[in-house]
Every structure is written in C-alpha cells, then in structure tokens.
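Coordinate inspection notes
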Amino acid sequence: ERTDRWTAVDHYTFNHLHANKPSATPSPSSLQHALSTSQARGLPDIAVSPSQGKFLKLQAQIARAKNILEIGTLGGYSTIWLASAGPDVSVVSIEVSEKHAEIARANIAHAEYAERVDVVVGAGLDVLPRLVEEVGMGRRERFDFLFVDADKENNWAYVDLSLGMMRRGAVVVVDNVVRKGQLARDDTGDSRVEGVRKLIESVGMDDRLDGVVLQTVGEKSYDGFLMAIVNS
Ligand code: DHB
Ligand code: MG
C-alpha cells in the first residue's frame, strides 16, 4: 500500500489548485466546515476526497450540467462540490437518513448553496419513481448529470430508474466501483462488490449507455469511478 504517498500528492496538488487559491469555489472554509461538522456528528469518513470533489465539479462543468441529481448525500460534501459547478446549477440530492440530511442542509447553507440544492429524505428506490413521474408530467426538468454514491447493492437500480429522467448526452458518474481491486477478485462474497458488478455488467449490455471505469488512488486509497454517457 502506498496510501501515504498518494495522500501526500493529493495534499500537494489540492493545496496549490484549490485550497490556497483566493478565488476558489467552493470556498476552502466551507469545505472544511462540511468535513468537520460531519466528523463531529459521527458520520462515517466516506465522503469523496477534496480532489475527487473537484473532479466532479469540473465534470459537471464540462457537461454544461444545469440540473444535477445525486443519490447519497451523507453530509453534503460532494453536494457542495456539485452545486459549485455554476451559478445556474440546481442539485437534487437523495438521502435515506434524516440525520444525515439535516447535517447536509446545514453544511450546504453554510456554503451558501441552500437556494439551489434540494435534499430529499427517503430511500432512492422510493424517491426516484416520484421524480420520474414529476419529470414525465413536465413539472420538473430532465437531469443532465447523475452522481451515484449510496448503498452499492442498488447501484444499477438507481442508474436504471434515473435514466427515465436524464436527457440525451447526460453524464452518469458512480463512486466506489473498484474497492481496492476487489472488483476483479472472484472470492469476495461482498454484496457491495456484487452490486458494482451488476452495475458494470448491466451498463455493458445497455445500449442507452456508453461507459468506462477509471481507477483512482489518493487519500481515499485505491478505488475508481464509473463514468457513462447517455447515448444521443
Ligand atoms: C463506502 C461507501 C462510500 O461511498 C465510499 O466512498 C467509501 C466507502 C462504504 O460503504 O464502505
Ligand atoms: Mg463513495
């Protein structure tokens, strides 16, 4: 394991490219606030890393995303990054835990994104069909960016349901698809790894999506993102 070296590189690069940059958004202090309140309230230390958050922001900007859907808010750390993609960006973020949602809303408000972020409490499998119906009835705009970072067992169900309300050319990103390489081990017996395999194999068979997995190392160790585009 080279997590120390990976972490040092994350710190060096993030400090120069974001944390010490006066014009950087989200403000480094609002990001720090989100992390420290999350820790103080006992949330697990499983949010995306600062560099991964910045990567999500840039991906949303490259996609010219305006309506972003996130599944799995936790303390709102990645939500703050996504909301920072532009002044006209709106985020809907689904969170199963009322406690997590309350912490996230406070962190998002502290980052001054409250008016553009809607944290919806409920299980993804319950909330997503409601959103699909709202989009179908024209009461809600289609989404152009999806970030999935929730219970891994439901990865594919979340993407499959969300596809009913994404526009063509939309971008899908899913966190934690490599899990220290467990993905390619045949003896894990881990339902989360099985959930990632179901995702990858389903995307591979689905002509609505064109995807890739990019492996990552850094302060969150060795993992990876799935990225896919909704075929136009
Ligand atoms: C876990 C979940 C995550 O979303 C993550 O980024 C890291 C770990 C987990 O459930 O263990
Ligand atoms: Mg994650």
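For the structure itself, look to the data block above.
Presented here is a report on the structure given in the accompanying data block. (Residues numbered from 1 in each chain as written. Chains lettered and ligands numbered in written order. Predicted model: local features only at pLDDT ≥ 70, side-chain atom pairs only at ≥ 80, totals over all residues.)

1. Focus: the site of ligand 1
Condition: Near residues are defined by distance alone, with the backbone-placed C-beta atom required to lie within 6 Å of the molecule or strand. Only Asp, Glu, Lys and Arg are considered charged in this grouping, and only Ala, Val, Leu, Ile, Met, Phe, Trp, Tyr, Cys and Pro are considered nonpolar; every other residue, Gly among them, is considered polar.
Around ligand 1, the structure places Ile-46, Asp-149, Asp-175 and Asn-176. Partitioned by chemical class, the residues of the shell around ligand 1 number one nonpolar, one polar and two charged.

2. Let's talk about the nonpolar core
The test is simple: Buried Ala, Val, Leu, Ile, Met, Phe, Trp, Tyr and Cys residues whose C-beta atoms connect them within 7 Å together make up a nonpolar core. Any residue whose C-beta has 12 or fewer other C-beta atoms within 10 Å is treated as exposed, any with 20 or more as buried, and any in between as partly exposed, C-beta atoms being built from the backbone. Numbering goes from the N terminus for both helices and strands, where a helix is a DSSP run of H or I of at least four residues and a strand is a run of E of at least two. Throughout, a residue-residue contact means that the two C-beta atoms, derived from backbone geometry, are no farther apart than 7 Å.
Judged by nonpolar contacts, the single largest core of 57 residues is most densely connected at Ile-68, Ile-80, Leu-82, Phe-145, Leu-146 and Val-172. At six residues, the largest contribution of residues to this core is made by strand β5 (residues 166-174). Here Val-172 is in contact with Leu-146, Val-159, Leu-209, Ala-228 and Val-230, once residues within four sequence places are set aside.

3. Thoughts on the sheet that holds strand β7 (residues 223-230)
Spelled out, the test is: Should DSSP find at least two bridges between two strands, the strands are regarded as paired. Orientation is described by axes fitted as lines to C-alpha atoms, over the contacting stretch for helices, and by angles from 0 to 180 degrees between their N-to-C directions.
On the basis of which strands lie adjacent, the open sheet formed by seven strands has the order β3-β2-β1-β4-β5-β7-β6 and mixed pairing. The open sheet has two edge strands with one neighbour each: β3 (117-121) and β6 (209-216). The average angle at which neighbouring strand axes cross in this sheet is 15°, direction not considered. Of the strand pairs in this sheet, strand β1 (residues 67-71) and strand β2 (residues 90-95) are connected by five bridges, and their pairing is parallel. Bridging across to β2, Ile-71 finds its partner in Ile-94.

4. Topic: helix α3 (residues 50-62)
Spelled out, the test is: Take the residue count of a helix, subtract one, and multiply by 1.5 Å to get its expected span.
With 13 residues, α3 extends 18 Å from end C-alpha to end C-alpha; this agrees with the ideal 18 Å at 1.5 Å per step. Residues Pro-50, Gln-52, Gly-53, Lys-54, Leu-56, Lys-57 and Ala-60 constitute the buried set of α3. Arg-64 sits one or two residues past α3 and shows a positive phi near 50°.

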